[in-house]
Amino acid sequence: RAMNAIPVADEDSDDLPLVRVRCYARRALHWRLDVAPLCAAYAAAFGAYALRPELEEVAVVGTPCIVLAHLLLFLATHWSVRVRCATQLYACPPARASLVCAEPASGAPRLCPLEREAAAPDAFFFTYHKRKYLLGAAGKGGGSPAFRKP
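Residues numbered from 1 in each chain as written. Predicted model: local features only at pLDDT ≥ 70, side-chain atom pairs only at ≥ 80, totals over all residues. Heavy atoms only, no water.

### Digging into the pattern of salt bridges
Here is step 1: Within the structure shown, the criterion is met by 4 salt bridges.
Here is step 2: The salt bridge involving R32 is made with D34; its shortest N-O contact spans 2.8 Å.
Here is step 3: Here D34 falls in the buried class, since its relative accessible area comes to 10%.
Here is step 4: A salt bridge links R52 to E54; the nearest nitrogen and oxygen atoms lie 2.7 Å apart.
Here is step 5: In this structure R52 comes out as partly exposed when scored by relative accessible area, which is 43%.
Here is step 6: Ionic contacts of the salt-bridge type, sharing partners, join the residues R20, R82 and E103 into one network. (Salt bridge = Lys/Arg side-chain N within 4 Å of Asp/Glu carboxyl O. Buried < 20%, exposed > 50% of the residue type's maximum accessible area, 1.4 Å probe, protein only.)

### Describing the nonpolar core
Here is step 1: Grouped together as the largest cluster of nonpolar side chains are 15 residues, with contacts concentrated most on L18, C23, V100, L114, F126, Y128 and L135.
Here is step 2: Here the element with the most residues in this core is strand β2 (residues 18-26); it accounts for 4 residues.
Here is step 3: In this structure Y128 touches L18, A102, P104, A108, R110, C112 and Y133, once residues within four positions along its chain are discounted. (Core = buried A, V, L, I, M, F, W, Y, C linked by side-chain atoms within 4.5 Å. Helix = DSSP H or I, 4+ residues; strand = E, 2+ residues; numbered from the N terminus. Contact = heavy atoms within 4.5 Å.)

In structure tokens form, the structure reads like this:
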């Protein structure tokens, strides 16, 4: 679930605030959308090539297409945070999350590690552009994370 991120303003900075913050956890390897469908496609192409001689031409043409799609998806996950979030991560509450996708008012979103506050077990924080944002009790219900100077 998306959380609004309107941090407390810092007097000596003119940075734009975060517009949206989403908490994510990593998918298991066999549930990732950049692995499981492509493994099934590779298996189908190999099965068509090995077991059905009449489908050999389809397999010979289809396998390079699958490899090309796999390569493009691999590159897209490195170029785009949104594609990486959609294929390799799933949205979850802060208690289960390991990453935060912080989206500024202008510019590209960024994945930041979510860490637990030592003093409060239900308070979480992440660092974005050398600023510490807290996701405490307000972050659970979709509230705004607070900004705190490091």
